[in-house]
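Structure assessment
Spelled out, the chains give:
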Amino acid sequence: MKVLKFGGTSVGTVESLTNVKKIVEAIPEPAVVVVSALGGLTDKLIATAGKASHDDPSYRDDMQAISFRHFNIISRVIDEGKRDEALRLVGGLLNDLSRLFDGISLIRHLPQQTLDMVVSFGERISSIIVAFMIDGGKRFDSLDFIKTEEWFGKNIADQKLTTSLIKEKFSVPFDKAIVPGFISTDRKTGNITNLGRGGSDFTAALIAAALDADLLEIWTDVDGFMTADPRIIPEAEVVPRMSFVESMELCTFGAKVIYPPTIYPVFHKNIPIKILNTFNPTAPGTLVSDSRMDSGFSIKGVSVLRSTPLFSIGSYSSVSNPESRALNALARQGVKIYPMTVSANAALNFAVAADDEEKARAILLSEFAPEIPSHPLLAPSIKGGLSTVAVVGENLKSQPRLGARIRNSLMRGGIAVEAFSDGMSDSTLTLLVDSQRANDALRIVHSLVV
Ligand code: ADP
Ligand code: ASP
Ligand code: MG
């Protein structure tokens, strides 16, 4: 059995939905099909909720456009015999959404929990449309089996509970199970939550792992995992094979192809992932697996993680182990760090995602509060306006000069490298550069290493 996931661009238009229908109906055995909201809809829902909360009456026009888009698609992709029922179900949800926007507008307040409810409508509706469109389609509701719990203010998947619920819900016979991606419910309160932006990939991986699928297919709008984002580097090439670790590293450092948490559950079960193009279904795509077959590329790709401030803390011989105390304090509170070397500075240096900057700063200030008055360099110095360029491949440690070569060509291109991570990992080398020059840096590094 395989699990397929179709992203927003694959379910955004009549043409793409027609491709989805062909691809899924051609599968001879039962399959699970996870779908995102119609392309661009999640952004639109967030923007519309924002308008409603700021008393901008144009939220009503947005709501109308959202309804029109869905009704128009239904009238064009769903067979006449099933259309009225689909319109009734989707119409009911759109009506609820419209009332929700009115409520937000009345109270002029948009707490996270309400926004989570708003964005859930995207996948709730798209999955109904796809279930009615596909012969043999039966909808399974993720709100019943994808469960999250709170962890340092974020909702994260409760994988154990989710796995047992998936096994239970999918124990009935089905031909094509159609599942809304991204959305979930809190295990304690039952409130609607989600797995984070891009999270439909993760929904598909959780299901693939729980049902011991043979394959997870991620259907998107490019021919596979490429050596760089083709929107920035048009000459980027498709990589036919890569390892789980390489894909995880590229996605962690900004390659949007797969949502990073997706890879863990299938990696543990050794379920391969294929990246395929809904608009070019016969292209071979990229196979992500743990086998070490030669792919023809020793460097699998380059990517950029935008906005990653650099933290530095000093060390004093009179303060024992400030580095490990800092790292422990950050890890205990769920802050992910990217270790870096800064030339001419022996203290602890690392980058974090911009979202974590404030939290990381507060944690370090509190950890070293007793010592900072007498040891001021223990207070973190933070440099913003930086982005991380990552180079990912196999056995990087066997190419000891690679980092220096990259830094030299960036320097020749007039790009200063603020920090780097040579030699820290066998699969990834990272460089911190001015965010304004990140795309230029990506181009230079891509042409040098790929
Ligand atoms: P979906 O809506 O199908 O989930 P996404 O927009 O999340 O699609 O991911 C696909 C996009 O990822 C591509 O259109 C491409 O621009 C971008 N991308 C970034 N890095 C890469 C890469 N290394 N290889 C392929 N695509 C990439
Ligand atoms: N629709 C959600 C988003 O845009 C989830 C997804 O597409 O995977 O983030
Ligand atoms: Mg995506």
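Please refer to the structure higher up on the page.
Anyway, here's the lowdown on the structure attached to this text. (Residues numbered from 1 in each chain as written. Chains lettered and ligands numbered in written order. Predicted model: local features only at pLDDT ≥ 70, side-chain atom pairs only at ≥ 80, totals over all residues. Heavy atoms only, no water.)

Topic: the overall build of the protein chain
- If you tally the helices and strands in the protein chain, you get 13 helices and 20 strands.
- Projected onto its principal axes, the C-alpha coordinates of the protein chain cover approximately 75 × 55 × 40 Å.
- Considering the protein chain as a whole, with its 450 residues, one finds that 52% of them fall into the buried category.
- Within the protein chain, contacts between residues separated by at least 24 positions form 76% of all contacts whose residues are at least 6 apart in sequence.
- Carbon and sulfur atoms provide 52% of the accessible area of the protein chain, an area that totals close to 19700 Å².
- Here the protein chain contributes 47 positively and 51 negatively charged side chains, and the mean placements of these two sets differ by 1 Å. (Helix = DSSP H or I, 4+ residues; strand = E, 2+ residues; numbered from the N terminus. Buried < 20%, exposed > 50% of the residue type's maximum accessible area, 1.4 Å probe, protein only. Contact = heavy atoms within 4.5 Å. Areas by Shrake-Rupley, 256 points an atom, 1.4 Å probe, with all protein chains shown as cover. Lys, Arg positive; Asp, Glu negative; His and termini not counted. Charge placed at Lys NZ, Arg CZ, Asp CG, Glu CD.)

So, a negative patch on the surface
- A grouping of Asp 79, Glu 80, Asp 84 and Asp 135 is seen on the molecular surface, where their side chains present a negatively charged patch.
- You can see Asp 84 is positioned in helix 4 (residues 80-107). (Patch = residues over 30% accessible without salt bridge, like charges linked within 9 Å, V, L, I, M, F, W, Y side chains within 5 Å. Salt bridge = Lys/Arg side-chain N within 4 Å of Asp/Glu carboxyl O.)

Some remarks on the pairing of strand 11 (residues 273-277)
- Of all five residues that make up strand 11, four are buried, and the element is covered over most of its length.
- The sheet contact formed by strand 9 (residues 215-220) and strand 11 spans five bridges and is parallel. Across the sheet, residue Ile 218 finds its bridge partner in strand 11, namely Ile 275.
- By the bridge criterion, three bridges tie strand 11 to strand 12 (residues 286-289) in an arrangement that is antiparallel. Counted as the bridge partner of Lys 274 is Leu 287 from strand 12. (Pairing = 2+ DSSP bridges.)

Observations regarding the site of ligand 2
- Around ligand 2 lies a shell formed by Ser 36, Thr 42, Glu 123, Phe 182, Arg 197, Gly 198, Gly 199 and Ser 200.
- Within the backbone of Gly 198, one N or O atom sits 2.8 Å away from an oxygen atom of ligand 2.
- With the chains in place, 85% of the 260 Å² that ligand 2 exposes on its own is no longer accessible. (Near = heavy atom within 4 Å. Polar contact = N/O pair within 3.5 Å; in protein donor to acceptor, adjacent residues only side chain to side chain.)

Notes on the site of ligand 1
- The full set close to ligand 1 counts 18 residues, and Thr 220, Asp 221, Met 226, Asp 229 and Arg 231 are the nearest of them.
- Residue Met 226 places a main-chain N or O atom 2.9 Å away from a nitrogen atom belonging to ligand 1.
- When ligand 1 sits alone it has 570 Å² of accessible area, and the protein chains cover 90% of it.
- Looking at the shell around ligand 1, its residues break down into eight nonpolar, five polar and five charged. (Nonpolar A, V, L, I, M, F, W, Y, C, P; charged D, E, K, R; others polar.)

Quick notes on helix 13 (residues 438-449)
- Along its twelve residues, helix 13 runs 16 Å from first to last C-alpha, staying within 8% of the 16 Å computed at 1.5 Å per residue.
- The complete set of buried residues in helix 13 reads Ala 438, Ala 441, Leu 442, Val 445, His 446 and Val 449. Seen from one end, helix 13 has its buried residues packed into an arc of 130°, which puts them on one side.
- Of the surrounding elements, those touching the buried residues of helix 13 are strand 13 (299-305), strand 18 (386-393), helix 12 (402-412) and strand 20 (428-434). (Expected span 1.5 Å × (residues − 1). Arc of directions from axis to C-beta.)

Digging into the nonpolar core
- Core analysis: the biggest nonpolar cluster contains 52 residues, and Phe 6, Leu 97 and Phe 101 have the highest contact counts within it.
- Those elements giving two or more residues to this core turn out to be strand 1 (2-6), helix 1 (14-25), strand 2 (31-35), helix 2 (41-53), helix 3 (59-77), helix 4 and helix 5 (112-133).
- Element by element, the count of residues in this core is highest for helix 5, at eleven residues.
- Look past the residues within four positions of Phe 6 in its chain and what remains in contact with it is Val 11, Val 20, Ile 23, Val 24, Val 33, Val 34, Val 35, Ser 36, Trp 219 and Thr 278.
- Core analysis: the second largest hydrophobic core is formed by 42 residues, Phe 174, Ala 205, Tyr 259 and Ile 263 among them. (Core = buried A, V, L, I, M, F, W, Y, C linked by side-chain atoms within 4.5 Å.)

Details of the sheet that holds strand 8 (residues 192-194)
- The four strands lie next to each other as 5-4-7-8, forming an open sheet whose pairing is mixed. The open sheet terminates on both sides in strands that have one partner only, identified here as strand 5 (154-157) and strand 8. Across the sheet, the mean angle from the axis of one strand to that of its neighbour is 55°, orientation sign disregarded.
- In the sheet, strand 4 (residues 147-151) pairs with strand 7 (residues 183-186) via two bridges, with the strands oriented parallel. The partner of Lys 147 across the bridge, within strand 7, is Thr 185. (Axes fitted to C-alpha atoms, helices over the stretch in contact; angles between N-to-C directions.)

Digging into the pattern of salt bridges
- Taken as a whole and assessed by the stated rule, the structure comprises 24 salt bridges.
- We note a salt bridge from Asp 55 to Arg 108, for which the minimum N-O separation is 3.1 Å. With Asp 55 in the loop between helix 2 and helix 3 and Arg 108 in the loop between helix 4 and helix 5, this residue pair connects regions lying 53 residues apart in the sequence.
- Since its relative accessible area comes to 40%, Asp 55 is described here as partly exposed.

Digging into the packing of helix 1 against helix 3
- For the pair helix 1 and helix 3, the least separation of the axes is 10 Å and the interaxial angle reads 45°. In terms of orientation, helix 1 and helix 3 fall into the oblique class. Every pair of crossing elements has a handedness; the one defined by helix 1 and helix 3 is right-handed. Between helix 1, through Val 14, Glu 15 and Leu 17, and helix 3, the contact on the second element is made entirely by Ile 73, Arg 76 and Val 77.
- Taken together, the residues of the contact of helix 1 with helix 3 sort by class into four nonpolar, no polar and two charged. (Parallel < 35°, antiparallel > 145°, perpendicular 65-115°, else oblique. Left-handed = near helix turned anticlockwise from the far one by under 90°.)

Section: the pairing of strand 5
- Looking at chain direction, strand 4 and strand 5 are connected through four bridges and run antiparallel. From the neighbouring strand, Thr 148 faces strand 5, where its bridge partner is Ala 157.
- The loop that links strand 4 with its antiparallel partner strand 5 comprises two residues; one of these, Phe 152, has a positive phi angle of about 45°.

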